[in-house]
Each structure stands twice: as structure tokens, then as C-alpha cells.
Amino acid sequence: MKINGDFTFKFLNVLSWILFIGLAIETGGYFTNAIVTLFFNSEWAGHFWGNIDLSELYAFDLGLFICLITLLTIISLCKTIMFYHIISIFHKKKFDIQNPFNETIKIYFLNFAYIVLEIGFFSYAGKVYTKWLIERGIELPPLENMNIGGSDVWIFMGITLLLFAKIFKKGVELQNENDFTV
């Protein structure tokens, strides 16, 4: 079986949709659990979205609890937005393999890099914040269970994407220059 570019793009599109839907559900789960815990039933802090037990943090201090769930929601929302951008590039068919250096892809790479950097910085803030809470004697689930781990990887990927954005910017300039000379 020969795998061509069309199959690869279709497979990546389907995979992106699956991840987008899962992350959208996760983001909605964090938000919904936060609203229910804060306004209706404080016992939900014990079995937060993804079976995260934040009951000890909720009992310790409501403000610290709100800060942590805000960080979790922001990180999940940024990941959801990232996959939305991936889906939109497939859906709008803005990526032309014959002419990859265009203004739309350049802007896409730049926006994508900033979103990935946001995920990295918020993940790092979440990691530092949870370590600070643990030092205060509050028992929290591991970072990986809260989807906060890996901030260094996100930041590295964001910097790499910024580099690609610069390369694409130069490619767009050369492409435009080439189009004008022909």
C-alpha cells in the first residue's frame, strides 16, 4: 500500500478533529466543574475533571483553588485553540503544497508559535504554582494528571515554530520577488 500526500493530509485532518473534540470536551469539563464546585456543590472539588482530587486545596483556600483551576482551564483552552487553527488550515484549504510560501501560511505559523508558547508559559506557571502549593503542605495530584507537565517541551516547540515562521517569512519574500521578475 502506497501512502501518498492526500492520504497523509486526510489522516492528519481526522486526527486533528479527534484531538480538537477531546480537548474541547476537556476545556468544557474544567469550566463546568469549576462553576458547579464554586456555586453549587463544593464536594465536586474531590473528583474534578479527569478524576483530579482538589478537595484539600479547596478546603485550604478558595482563592488558591480558583487560581489553579483557572490555570488548568487556560492551558486546556490554548490547546483547544491550537487544534482549531490546525483544523481551520485543512478546512479552508489554505495550504497549497505547490506554493507553500504564502502570506496566509506565514501568519498561521506565527500565530501557531505564539499559541504554543502560551501553552508552555502557562504550563510552567502551573508547575511552579503547584510546587509552591505542595511546599505549603497541600496534597495535589501529579502534574501529568493535571496536564500541566512538559512546559519545557512546549516552549522549545514554540521557539522552533517561531524560527519556522521567520523562514517562511523569508520564503514569502523570495516567492514574491520571484513572481515579480517572471
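Here we summarise the structure given alongside this text.

Calculation rules
- Residues numbered from 1 in each chain as written.
- Predicted model: local features only at pLDDT ≥ 70, side-chain atom pairs only at ≥ 80, totals over all residues.
- Heavy atoms only, no water.
- Helix = DSSP H or I, 4+ residues; strand = E, 2+ residues; numbered from the N terminus.
- Buried < 20%, exposed > 50% of the residue type's maximum accessible area, 1.4 Å probe, protein only.
- Contact = heavy atoms within 4.5 Å.
- Phe/Tyr/Trp six-rings, centres within 6.5 Å; stacked < 30°, edge-to-face > 60°.
- Expected span 1.5 Å × (residues − 1).

**Let's talk about the side chain of S151**
Here comes step 1: Relative to the assigned elements, S151 resides in helix α5 (residues 151-181).
Here comes step 2: The buried category is assigned to S151, whose relative accessible area is 3%.
Here comes step 3: If near-sequence neighbours (up to four positions away) are discounted, S151 is found in contact with G120, S123, Y124 and K127.

**Points about the packing of aromatic side chains**
Here comes step 1: By the definition in use, this model includes eight aromatic pairs.
Here comes step 2: Here Y108 and F112 contribute two aromatic rings whose centre-to-centre distance is 5.6 Å and whose plane-to-plane angle is 25°, an arrangement assigned as stacked. Of this pair, Y108 and F112 both sit in helix α4 (residues 103-135), separated by four residues, roughly a single helical turn. A single burial state applies to Y108 and to F112, both of which are buried.
Here comes step 3: Members of the aromatic cluster, each reached through a chain of ring pairs, are Y108, F109, F112, F164 and F168.

**Here we look at α4**
Here comes step 1: Its 33 residues place the ends of α4 48 Å apart at the C-alpha level, agreeing with the 48 Å of an ideal helix rising 1.5 Å per residue.
Here comes step 2: Where α4 terminates, the next one or two residues include G137, which has phi positive at roughly 95°.

**Here's the deal with unusual backbone geometry**
Here comes step 1: Of note in the backbone geometry, N147 takes a positive phi value of approximately 60° without being a glycine.
Here comes step 2: By the element assignment, N147 lies in the loop between α4 and α5.

**Here's the deal with the side chain of T73**
Here comes step 1: Structurally, the position occupied by T73 is in helix α3 (residues 62-91).
Here comes step 2: For T73, a relative accessible area of 15% puts it in the buried group.
Here comes step 3: Once residues lying within four places of it in the same chain are set aside, the contact partners of T73 are T27, Y30 and F31.

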